[in-house]
Structures are given as structure tokens and as C-alpha cells.
Amino acid sequence: MSTIELPLTRESIVAAHKLIKPHIHTTPVLTNTTLSNLASTPQSPEALKGTPWEGQEPAKPNIRLFFKAENFQKIGAFKVRGAFHAVLRLVEEKGIEEVRKKGVVTHSSGNHAQALALAARTLSIPAHIVMPSISTPSKISGTRAQGAILHFSGSTAAEREAVVADVIKETGATLVPPYDHPHIMLGQGTMALEFAAEVDALLAATPELSVHYKSGQGAANGIIGEGRGLDALIAPCGGGGMLSGNAIYFHDSRTRVFGAEPQFEGADDARRGVAAGQRITSVKTLTIADGLRTPLGPHTWKVISDKDYVAGLYAVTEQQIKDALRLVLERMKCFVEPSAVVALATVLYNEEFRKMVEREAGKEGWDIGLIFSGGNTTIEAIVKMFGDVSEDKARREEGLVGADGRKVAENVAG
């Protein structure tokens, strides 16, 4: 990887965005009334059974949601941002001919694999991609379709890195890490730059979308025109490149940044590590959020473990991820992968987070940005995940309840 590292600042993210903009999509920001209403509706006592909040009054936060749809990004995921930034900086340092001579290599369960393969193909650079053999078939075929040379490995970080070392020894290829490098982190942070600008423009045009809007006042009266922006942003956290990049951009701003993880089989390594004050270096989990199965690296840990950057980390169950995924598929008509909805699951189901919002935001509430990190899954995987779809009819009654059983006032996609 490039030995010339840019400082981890908002200014570096602005420079990164200028460099990669010709190669990426500016993805849209979506809103959805039904999901905002669900997020603002207390959970049922039944939902809290068996949790530390059983028997307590459910949280009553007031929330409006804004979704950065990186599932519409090239290769169907945010990873192209970091991949293009890292490769372009590598070319700046070593020259295109030198990079083409030896190629690049990485290890990834799929989204970074496809992203680096695309960046390399765009610049006519050979790409060696090490993928766990259990990677989603669509991600394997998508990577192969970009002309990459595939090498398969076990699922843990150590097993992946061992195969990468063999490739480097044989070819001299330069490693482009999937997440743990400043240039990757800064590239991923470019979505925060777009997100902030898009939300400002959206609220200037339609101020009533904000939780802070008051009837009879509009942007002209300063309610939105102050550039208030998002109160909070939640990003999925696997290796931490996206979360740390967003945290770097929003550092020293009024937008508080949080991370969301699956808790299945210890996949919430960032949350547990920060709580213990020590980075967890190995994770072995088969959570359905397959893009989040990796531990933090030294670079991402430094940012994510700093509360001045990341205000908190939260974890959700596999069932909560599935419930959130169903809501996005059915209510937003938006095709995403399980990893993409852990932030939404946090807002809807993590009572610790919901009580924090209620406490910190008061009656006014928060405008919260969520990142749909990608959409690289298959119909077969979705069908297998949900299995028997003949559920309790009362729970699934159209227009009356959400996938989590909470009644909502409206069923409006928009």
C-alpha cells in the first residue's frame, strides 16, 4: 500500500472526494414515513421480555430517518470509494507502469473484493482477490466478472491473510487492505461529505421532513436554514473503515456518530473491545451480516475507540437484523443485504440506544442518518433466510403493524 499517508481530517476527505468523483456514483438519500413512525413508536412489553429492560417503561424517542443508499453505488456497495482512493494514491506514488507490472491484492468476503477488482480493471491493473470459500455466491461471481484472479481461503482474518502473503511472495503485488488503512478510511468518508450536503439540500426544499420542523415556520424563519443537518449518524461496523471515515468527517461537528454491529457469535468485537479498553484481534462468526464478520484493525481502532469520534457502539440480534431487512424490502421497496440494515435494527430494537436518544434529544427528537452499506445478496439467500413466510397474520396485517409487531399510524413509502 502507499507509504504516503494523508492526515485523518475532513480536509483529506474533501480531497479524496475530488479525486474519486469521476469513478463513483453520488448515491441518493431516501426517507420513509413508515420507518420513521416505527422508530418513534415504543416497543411492546413482549419485545422487551428477556432483556435488561423487561418490565420497564419502553423508550419513546422522536426520530426521523434519512438513508444514504450505497446499495446503488457501483458494484452495489460503498467499498468502491475506498478502493478507488487507495489505488489512485498508489498510482500517484509509484507510477502506473510499476503498479501494472506487479498488480494489487486484497482479501475480502465480497464487497471490497468487487470494488478493488473494478478499480484495478478501470486502470488496467492485475487484481488478485483472496475470498473466503463461504462468501456469498453473487459476490464471488461479481468479483470474477470484473476480471480479477481469485484465490480462496478460510473465513477468519488470519486464514485470509496467510493466502495474501503467499500471493505477495509469488507476484510482488501491493496489498490494498479492505479497511485498515488511512486511504481506505478517507475514501469511505466521502459518503459523509455527500450525505451532509444532500440532507441540507433536502431539508431546505422540504423542511417538514425534519423532526425539528414546526408548523407555520419554514426554512426562511431559520428552522432549517441554519444548516442544522443530521443530529446523529449510525454506520454498520465490521472492519471499521466506513464507520471511522464517517466519524472523521463529522468530527467536531454537531452530528454525533455511532456504530452498529451484529452480536451473533461475538461479531460485536468493536463494542466489546471498546468496553474492555483493548482491541479484539480475532473474530469467527457466521452472522447473516456477512460483511461485518471482521475485527477492527489498528488504524480503525484508533478512531473508533475514541469517544470524540464515535459516541457509542450498539449490537443487535440476528432476528432483529432479519426484521429490519424485511421492513426495508417490503416498506421501502429497496433491495439491500443484511449487513446494510444493522443500523436500522439498532434504531428500531436496541432499547439502550432508544433510551439514549430519548434522554439526549428530549421531546424534540433527532434526525438520524443511516447508511445502507450495500445490496449484494441473492433472491435465494433471502428466501433461505426467511424460510417459512406464513407468520402470525395479525403481525403481518397490511397497514396496521410492522414486521416487529408495533402499530404505526401510517404506511407510506416516501
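Computed from a predicted structure; not experimentally measured. (Residues numbered from 1 in each chain as written. Predicted model: local features only at pLDDT ≥ 70, side-chain atom pairs only at ≥ 80, totals over all residues. Heavy atoms only, no water.)

Caption draft 1: How the structure looks around the pairing of strand β9 (residues 312-316). Within β9, 5 of the 5 residues are buried, which leaves it mostly tucked inside the rest of the structure. With burial as the criterion, each face of β9 is covered, one bearing G312, Y314 and V316 and the other bearing L313 and A315. Pairing between strand β8 (residues 256-262) and β9: 5 bridges, direction parallel. Within β9, the residue paired with E261 across the bridge is A315. (Buried < 20%, exposed > 50% of the residue type's maximum accessible area, 1.4 Å probe, protein only. Helix = DSSP H or I, 4+ residues; strand = E, 2+ residues; numbered from the N terminus. Pairing = 2+ DSSP bridges.)

Caption draft 2: View of the nonpolar core. Membership of the largest hydrophobic core comes to 42 residues, with the highest contact counts inside it found for L65, I234, L344, F353, I368, L370 and F372. With 7 residues, the top contributor of residues to this core is helix α14 (residues 342-349). Leave out the neighbours within four places in its chain, and F353 touches I234, F258, Y314, T346, V347 and I368. If you look at the next biggest cluster of nonpolar residues, it comprises 32 residues, including F195, V199, A235 and L296. (Core = buried A, V, L, I, M, F, W, Y, C linked by side-chain atoms within 4.5 Å. Contact = heavy atoms within 4.5 Å.)

Caption draft 3: Expanded view of the packing of helix α1 (residues 10-20) against helix α3 (residues 79-94). Put simply, α1 and α3 touch, their axes get as near as 10 Å, and they point 85 degrees apart. On the basis of the axis angle, α1 is roughly perpendicular to α3. Mapping the contact onto sequence places A15, A16, H17, L19 and I20 in α1 and R81, F84, H85, L88, R89 and E92 in α3. Class assignment of the residues belonging to the contact of α1 with α3 gives a composition of 6 nonpolar, 2 polar and 3 charged. (Axes fitted to C-alpha atoms, helices over the stretch in contact; angles between N-to-C directions. Parallel < 35°, antiparallel > 145°, perpendicular 65-115°, else oblique. Nonpolar A, V, L, I, M, F, W, Y, C, P; charged D, E, K, R; others polar.)

Caption draft 4: Main features of the pattern of salt bridges. In total, this model carries 19 salt bridges according to the counting rule given. The residue E97 makes a salt bridge to R100 at a minimum N-O spacing of 3.5 Å. One end of the pair is E97 and the other is R100, both in helix α4 (residues 96-102) and 3 residues apart, which spans about a single turn. We classify E97 as exposed; its relative accessible area is 54%. (Salt bridge = Lys/Arg side-chain N within 4 Å of Asp/Glu carboxyl O.)

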